[in-house]
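Structural description and commentary
In case you want the letters, here they are:
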Amino acid sequence: MRILLIGASGQLGLELSSLLKGGEVIKVYNSKEIPGGYRLDLKNYPAVEDFIIKKRPDVIINTASLTDVDKCETEKGEAFKINAEAVKHIVRASRVVEAYLIHISTDYVFDGEKGLYKEEDLPNPINYYGLTKLLGETYALSYDDSLLLRTSGVFRHKGFPIYVYKTLKEGKEVSAFKGYYSPISARKLAEAISELIDYRKTGILNVAGERISRVDLAMKIKEKFNLPGGVKEVDDVKGWIAKRPFDSSLDISKAKKILSVDFYSLDENLRYMVV
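Moving on, we get to the nonpolar core. Counting 34 residues, the largest nonpolar core has I61, I102, L149, I193, V207 and F263 as the members making the most contacts within it. Elements with a contribution of two residues or more to this core: β1 (2–6), α1 (11–19), β4 (59–62), β5 (100–106), β6 (146–151) and α7 (186–199). Here the element with the most residues in this core is α7; it accounts for six residues. Once residues within four sequence positions are removed from consideration, I102 is found in contact with I60, I61, N62, L147, L149, I193 and I197. Judged by nonpolar contacts, the second largest core, of 22 residues, contains I52, A64, V87 and A140.

Our focus in this paragraph is a nonpolar patch on the surface. Together, F80, L131 and L135 make up a nonpolar patch on the protein surface, roughly 210 Å² of accessible area in all. Looking at the secondary structure, you find L135 in helix α5 (residues 128–141). Residue class for L135 comes out partly exposed when judged on its relative accessible area of 32%.

Below, the discussion takes up the pattern of salt bridges. Within the structure shown, the criterion is met by 20 salt bridges. Residues D70 and R244 are paired through a salt bridge, measuring 2.7 Å at the closest nitrogen-oxygen approach. Separated by 174 residues along the polypeptide, D70 in helix α3 (residues 69–74) and R244 in the loop between β13 (230–234) and α9 (253–258) bring together distant segments of the chain. Taken together, the salt bridges that share partners define one network made up of K188, E191, E268 and R271.

Another aspect to go through is the packing of helix α2 (residues 45–55) against helix α4 (residues 76–97). Between α2 and α4, the least distance of the axes is 9 Å, while the angle of their chain directions is 35 degrees. Considering the relative orientation of α2 and α4, their crossing is right-handed. Contact residues: Y45, V48, E49, I52 and I53 in α2; K81, E85, A86, H89, I90, R92, A93, S94, V96 and V97 in α4.

Quick look at the environment of L131 now. Looking at the secondary structure, you find L131 in helix α5. Measuring from C-alpha to C-alpha, the distance between L131 and S265 comes to 29 Å, with 134 residues separating the pair along the chain.

Cut-offs and rules
Residue numbering note: each chain is counted from 1, following its sequence as written. In keeping with the predicted nature of the model, local features appear solely for residues at pLDDT of at least 70, side-chain atom pairs appear and are counted solely at 80 or more, and the whole-chain, interface and lining totals rest on all residues. The basis for the side-chain values is all heavy atoms of the structure; hydrogens and waters are excluded. Nine residue types can take part in a nonpolar core, namely buried Ala, Val, Leu, Ile, Met, Phe, Trp, Tyr and Cys, and a core is a set of them joined through side-chain atoms within 4.5 Å. Exposure is judged per residue with a 1.4 Å probe applied to protein chains only, and the accessible area is read against the type maximum: over 50% gives exposed, under 20% gives buried, and values in between give partly exposed. Under the DSSP-based scheme used, a helix requires at least four consecutive residues in state H or I and a strand at least two consecutive residues in state E, with every element numbered from the N terminus. Note on contacts: a residue pair qualifies if any of its non-hydrogen atoms lie within 4.5 Å across the two residues. Like charges are joined within 9 Å and nonpolar side chains (Val, Leu, Ile, Met, Phe, Trp, Tyr) within 5 Å, but only among residues with over 30% relative accessible area and no salt bridge; these make up the patches. For the area figures, the Shrake-Rupley method with a 1.4 Å probe applies, and any residue is considered shielded solely by the protein chains shown. Between Lys or Arg on one side and Asp or Glu on the other, a salt bridge is scored when a side-chain nitrogen of the former is within 4 Å of a carboxyl oxygen of the latter. To obtain an axis, a line is fitted to C-alpha atoms, over the contacting stretch when the element is a helix, and the angle between two such axes runs from 0 to 180 degrees between their N-to-C directions. With the far helix as reference, a near helix turned anticlockwise by less than a right angle produces a left-handed crossing, and one turned clockwise produces a right-handed crossing.

So this is what it looks like as structure tokens:
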């Protein structure tokens, strides 16, 4: 089996690179070079399609995304090109080579008004990042042999849990937004994807961690690692440009029934912070 991994230098891509076995893995990156990988600018759409058609992968995993929520708000053209338009061209080439496509999306396609969103709930993004990811979802779902994975708060060597750990370790105070989400480590998400490749599921699937507030998560990290700093609950984080959904947590009951791996428990996920 030949697997094309797009976004191989990102947090999820790095974990998938080490986990995917039993075939050839073609690794694609944009800016951060990885050994044995291919540099590919996803905004160069003819090059993207040409690369996929020439490599003829059996499976394509698209983990690439502009995930900086505030940057998406200020650089909308860039966000649209990477998170939406590039997906259209990946799908076009996937059809040609008849590859199975796994596309990674986000809980931020929802407005956060109710939380524990199911796969069939109606998206309603409140920031430009969420809007571009929703457009990318639409392209991915236009292809019959695709699986759209919605996830939340992916962390490895960066992300909110890493910020919390490092800040508290220095004895400083963490300002934690009191909203809820479903954080998952890149390692556990990669393990889930590795299993899902064999099942060839299509449609939408939520794969994320257990619902928790950022305040409770920060307190859990403080207690688990016996860190000296403090935690303060805030309604908003100073410096944010884009709106954030208050409760964008995902209902993961469907994925729990499908997958054998424990991808969701908080203690298991916190084992894989790279700090």
